[in-house]
Amino acid sequence: MSTYQPYQCLVCQSRFTRHENLKRHAKLHSASHQASLRCGFCQATFSRPDLRNRHMKRKHPEHEPGRAIQRPRRRARDEYSGSSPDSHDGLQLHHSGDEMVLGGSPQMLLHDHEETRGISIIQSDTIDRMVQDALGTAFFKPTHELGSPVPCAFNQLIPESDCSPLQIARGCDLFFSHVAHYVPFLHKPTFDAAQLPVHLVLAIICLGYQHGEDPECDDQPGSGASLSTRCFRRANTLTTSDEGRLDMSGPNMPLIQSYLLLQICAMMYLCGDDSATGLKMHSDMISLARAGGLMQPTPPESSAAEDLEGLWCNFIKTESHKRTSFAVHQIDALWYQFLSIPRCISHLEVKHDLPCPEDQWTASSAADWAHRQLVAIYPGPSVPYPEAVRRFLSSETGSIPTFDPYGAINVAQFLISSAREASGWSTMTGMLSMDRLDALRSSLIALGPFIRPQSETGKAMHAAATWETAMIELHLWSPAHTGGVVAASLDAVLSQSTALAPSYEFLWDVDTAKAIQPHVDWFLRYLDTTVDPAHEAPWAAVYAYKAFLIAWQLVRGCIPGAMEVAGVHNGDEQGALEWARNVFRRRERWQIGKLILSSLQQLES
């Protein structure tokens, strides 16, 4: 890794590892830097404070005790900041009034006039007060330019996070660019990393760096994934320690959000042995959510806000609470869908209304939010999630007001889970309940207009992939699920799906192939046209691979038009595999892509 140099000269752009080096260099740009500091006990003058301090020690030792705050010894300073001698000390120069807060030692709090008129004597009680003030108010200011810089609290992020301000700001930017749309519970316009616990910041950037490289390593290939893993390990440690200090009177939102993001990283990006950690986090998250009342609506504020800004803040808080509960429900259904492990959250527990329309959630100011509220057309009152599920099951969707597609994704996940339960029940009893299947089919058809993409955004494509998967699950029960195969990782899921693929010969039935073909074709077109899958939800790749396995079996059975939309001829088994290798190689930077490519080799053999 390159040497970290967070301190930059505003005149010549030179960079330095330590704040004292920057201060010394800054004197070179001052016209009066020569001999500007006088000794208070003789006629000697100096260009730098450290030279004057050395003079004082040598020539006037009798006056040395009781002088200004002395520079701490290097070892003590490093122990305080939690860094090695070669690492950065901490803060940049941060001006506040006539004071300047300096680097890793809050004790180094000097007044500007001390630079030209000597250093004042400061009593020990004043020093203690200054140290407390510095710890409470000092903030990093990133020296890069990445749109909206993200400040990071000094007493939180150093040394606990082991990340620089630049890494944190870039990681948050990557998160909101590539990840936030499929777990949309953090409000970007008001996001401030300085106000979040360290474990949540680390959870955010560990997902962000799956989509970009580490700026401290000059964006070397693979450096982002390495940093992501380090952030995951550190966040896992911090969440464990933080859980022991919980106040169970509330939903403990930051910790639940951390567990949610970290388990996605463990299950979908790190995979392998880390999947066990992800499942443990999932269990802890469900316990916290249920104990803290996450699935219940936020109680009304004791005193209603009278100003527009206060109303907007209350809206953001309530909506974030709601969206976090939907994310918990979605991930719980997702692990049941992939791994066949029992669900922990029933849809009846989610007492919130459907998420508000996306344009209201993304409003950048209170005035913008109020305007969007006023021009919105509401056909009726908001609908609670269980009631929305009931209306979709009964096809009474005409009275449901507009809502965010994220709510529709959760409805689709519930319907997928219901199809899985119906298949398991039918397998165990040998009886087929057509009433249940007809209701699920009608529900998915009614859900289509709410979830299928009106645009090609990442969230829209994610919603459509979920709906198309639900339709496939309804027509084609998973052999792994009906066979009682319970997996503990995506590695095992992909391996088992590949091993079971040749047993799909029942797909050669013309009627079955005809019913499932449109939904398989959607995934084939998606894979063929998505050249850059940077905004793809990680589980969309798993959906797409399972759809390809169906298409591959149809090609083997010489079903007409099996992969025609991808340009693969009937019966061309090797051509189908070659096409799959090309499209999934675009996802090779992620572990899930590597696992799929390995599964394709298994399929070929």
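Only a predicted model underlies this, so the values are computations on that prediction, with no experimental measurement involved.

The rules we used
- Residues numbered from 1 in each chain as written.
- Predicted model: local features only at pLDDT ≥ 70, side-chain atom pairs only at ≥ 80, totals over all residues.
- Heavy atoms only, no water.
- Buried < 20%, exposed > 50% of the residue type's maximum accessible area, 1.4 Å probe, protein only.
- Helix = DSSP H or I, 4+ residues; strand = E, 2+ residues; numbered from the N terminus.
- Disulfide = S-S within 2.5 Å.
- Axes fitted to C-alpha atoms, helices over the stretch in contact; angles between N-to-C directions.
- Parallel < 35°, antiparallel > 145°, perpendicular 65-115°, else oblique.
- Left-handed = near helix turned anticlockwise from the far one by under 90°.
- Contact = heavy atoms within 4.5 Å.
- Nonpolar A, V, L, I, M, F, W, Y, C, P; charged D, E, K, R; others polar.

## A closer look at unusual backbone geometry
- Although it is not a glycine, Asp 219 adopts a positive phi angle of roughly 55 degrees.
- When its relative accessible area of 39% is taken as the criterion, Asp 219 is described as partly exposed.
- Although it is not a glycine, Cys 271 adopts a positive phi angle of roughly 60 degrees.
- Summarising the element assignment, Cys 271 is placed in the loop between helix 10 (253-270) and helix 11 (274-291).

## Overview of the environment of Pro 197
- When you line up the elements, Pro 197 lands in the loop between helix 7 (165-178) and helix 8 (198-208).
- Separated by 45 residues in the primary sequence, Pro 197 and Asp 242 have C-alpha atoms spaced 9.6 Å apart.

## Some details on the state of the cysteines
- If you walk through the whole model with that rule in mind, you get 0 disulfides.
- Distance from the sulfur of Cys 163, which forms no disulfide, to the nearest cysteine sulfur (Cys 231) is 3.7 Å.
- Among the residues examined, Cys 163 registers a relative accessible area of 3% and is labelled buried.

## Overview of the packing of helix 8 against helix 10
- Where helix 8 meets helix 10, the axes come as close as 9 Å, and the angle between the chain directions of the two elements is 30 degrees. Considering their axes alone, helix 8 and helix 10 lie roughly parallel with respect to each other. The interaxial crossing formed by helix 8 with helix 10 has left-handed handedness. Residues His 199, Leu 200, Ala 203, Ile 204, Cys 206 and Leu 207 of helix 8 touch helix 10, and the partners they reach there are Pro 254, Leu 255, Gln 257, Ser 258, Leu 261, Leu 262, Ile 264, Cys 265 and Tyr 269.
- Its residues assigned to classes, the contact of helix 8 with helix 10 comprises 12 nonpolar, 3 polar and no charged.

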